[in-house]
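Commentary on secondary and tertiary structure
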Amino acid sequence: MSAESAESAEPSTPPAPKASSMPSVPPALSVPSAPTVSSSPSLSSSPSSPVARRSLLAAAGAVGAAGLVAAAGAPAAASAGRGARHRAALVVHNARVFTGVRGSGPARAVAVGRDGRILAVGSDAEVRRFAGRDTEVVDGRGGSLLSGIHDGHAHPTDAAARSLRPSLDGAEQTVAELQKTLTGFLKETSGEGGGGEPDGWLVVEDWNPVGLLPRGTAPHHSMLDALPTRRPLALRGADGHNMWVNQRALDIAKITAATPDPVGGKIVKGADGKPTGVLKDDAQVLVSRHIPEPDEAALVAAAAKVFAEAAASGITTFMEAVSGEDELALYRALAAAGKLPQRVVPALRLTSEQAKDPRASVAYVKKLRDEFDGVPGLRFGTVKVFLDGVIEYPAQTAALLKPYLDKDGRPTDHRGDLYVTAADLGRVTAALNAEGWQLHAHAIGDRAVRTALDGYAYALRRTGRRDVRNTVAHLQLVDPADLPRFAELGVVACMQLQWATRNAWTVDTLLPYLGAARHRWLYPARSLQAHGAHLSGGSDWPVDPLRVWNQVRTAVDRRGTDAEGEGDLYRAKEGISRTSSLLTHTLGSARQLRMAHLTGTVECGKQADLVLLDRDVTRCPVAEISGAEVRLTLSGGTVVHDGESPSGRAAAARVTRAAGRPRVTCGCG
């Protein structure tokens, strides 16, 4: 589908309710047991006998992969006739249906048609008429049934690539401990194809850029040079914005004291003017282009596991936040192998240099779209630009309106790095918006956020188009003067609210360097909502572990499972209601991705992208939302995760293990 047709097909949708207008939350329910499935048309709430998973998949998955990208036609009426074409392939009953539709009454059951769309929503009795002899029937046992989660900002293909390499898991270590760990990795990888001495690269994932102990220890290539190897080494920061390499890697990349910083990146140099081995943002490319790519078959297999984990988490749609030819080729291979269970909106990345040439940028994204437009599951129409880096000490590459403070609270002359000017962003946005494409801007600091808004304001004046839904992602720090501008300009605020918790990353590495007055404006979700902004949600996975339901919970209580000690991160000021959080991560992101006419709510005629949970997340204690388990995930009517199957249990177990990873930092892309 073209960028233009993707937008024009969608009618306007009402704004998400503000926190002050949310209904009161009923008392908590007990956590129900796992769902059971039967092939009987009876919709009584008594336990039913499980059927073979093969039978369930055969019935519910009748539409196949094509159903994932089919355009929704006219909504099917819930009171349709009882002919064969109106019999459901699947019915979920005895559930608490969160429709996401303003003013909708309570519902307990949903029928899924054989075309992969929602056939009926209502009470158990109302939906009974759609069950035939061959309809699969799932007893929800009182758990929530809602729209599939739409992850409005993630990097699933990067998660796949990372899984093929050894990982430091964001650990905090002394230099000696780190050297011992890396020595072990060298031994483990010495026999791999292309590995070994002296030329086999060792690439290690999830290095913590602020994790060297004691605190304040600065990474230097000499620490890596001391390892018993001549191999080139590269430690990839879990934040996606930092890389630490040894002297051998610097030599291969021909990085010296005379090498200039690339546009959008920085080669960190010491007092002697020589490279320290740390590369920030686009300077990483100077080394990464010399690192061999993973084996294609291995990468496809890893990606298949990653997307299965996402389905086990309840995700039915992704925005791939940095996409180029390599990522698109991987999606094509996955789709060809039948291993792409989600809809994917690839955000085609423009470099800082490309953003200066609007005409060439339009030609570039059109070329990629034309080459990969036939891949089932992909929906083009989004372009990505990085405006700044990350805000945490010591990186501090996020662009601020006022300078960072030093550790003693005194002003410095450093305001971070701005990679694209408002003028350049405005011109390239106007050119792309005119062709129906939307912009998705990475903006962590308040100066980067303002730059995004200024650029989008210019594009709106030039094109008059408010329907493209340009987006600002991350919004870690927003100046209060800019809060009303989101609604005024029709800009979507895509937030990663799992980060909005009180821990070392939001206190130790930020509070001293921002000061209390600015610190209060971290992740201002409620303030944005109160000013009429449309919120959407994303994970930024694998910067953070994929913990969808903890993400939903943290948006509400600003604590989540990552909170250290007592207290929350300005819950009274910036926490949103649980209804708002559920809408943010379903309808909100569907709206951001211009798919709300297809998905995002539980309504007749929409694609059956549905998630069944083991508890009612609309009523259970807020803290218990984090532990919600996905029992069933449908995408376009196809069962893409069955929590009771061996493969489903394996995928869920991988999600659980990954959730134990420590938080590293934020702002991957």
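Residues numbered from 1 in each chain as written. Predicted model: local features only at pLDDT ≥ 70, side-chain atom pairs only at ≥ 80, totals over all residues. Heavy atoms only, no water.

**Some words on the nonpolar core**
If you look at the biggest cluster of nonpolar residues, it comprises 103 residues, and the most contacted ones within it are Phe486 and Trp549. Beyond its immediate sequence surroundings of up to four residues, Phe486 is in contact with Val449, Leu453, Val472, Leu475, Val491, Ala493, Leu528 and Ala533. Listed in part, the 17 residues of the second largest apolar core include Val602, Ala608, Leu632 and Leu634. (Core = buried A, V, L, I, M, F, W, Y, C linked by side-chain atoms within 4.5 Å. Buried < 20%, exposed > 50% of the residue type's maximum accessible area, 1.4 Å probe, protein only. Contact = heavy atoms within 4.5 Å.)

**A look at the environment of Pro542**
Locating Pro542 in the fold gives a position in the loop between β22 (534-537) and α18 (548-557). Once the C-alpha coordinates of Pro542 and Ala160 are considered, the two residues, 382 residues apart in sequence, prove to be 9.1 Å apart. (Helix = DSSP H or I, 4+ residues; strand = E, 2+ residues; numbered from the N terminus.)

**A word on the environment of Arg462**
Structurally, Arg462 can be placed in helix α13 (residues 446-463). The exposed category is assigned to Arg462, whose relative accessible area is 58%. A polar side-chain atom of Arg462 sits 2.6 Å from a polar atom in the side chain of Tyr458. (Polar contact = N/O pair within 3.5 Å; in protein donor to acceptor, adjacent residues only side chain to side chain.)

**Quick look at the pattern of salt bridges**
This structure, assessed with the given rule, holds 35 salt bridges. A salt bridge links Arg114 to Asp134, with the shortest nitrogen-to-oxygen separation between them at 2.9 Å. Linking Arg114 in the loop between β4 (109-112) and β5 (118-122) with Asp134 in the loop between α3 (124-128) and β6 (136-139), this pair joins segments that are 20 residues apart in sequence. In this structure Asp134 comes out as partly exposed when scored by relative accessible area, which is 40%. Note that Arg631 is salt-bridged to Asp614, the shortest N-O span being 3.9 Å. Taken together, the residues span a long stretch of sequence, with Arg631 in strand β24 (residues 630-635) and Asp614 in the loop between β23 (610-613) and β24 at a distance of 17 residues. A relative accessible area of 17% means that Arg631 is categorised as buried. Take Asp614: its relative accessible area is 5%, and that puts it in the buried class. The network of salt bridges with shared partners includes Asp158, Arg162, Arg165, Glu205, Asp206 and Arg236. (Salt bridge = Lys/Arg side-chain N within 4 Å of Asp/Glu carboxyl O.)

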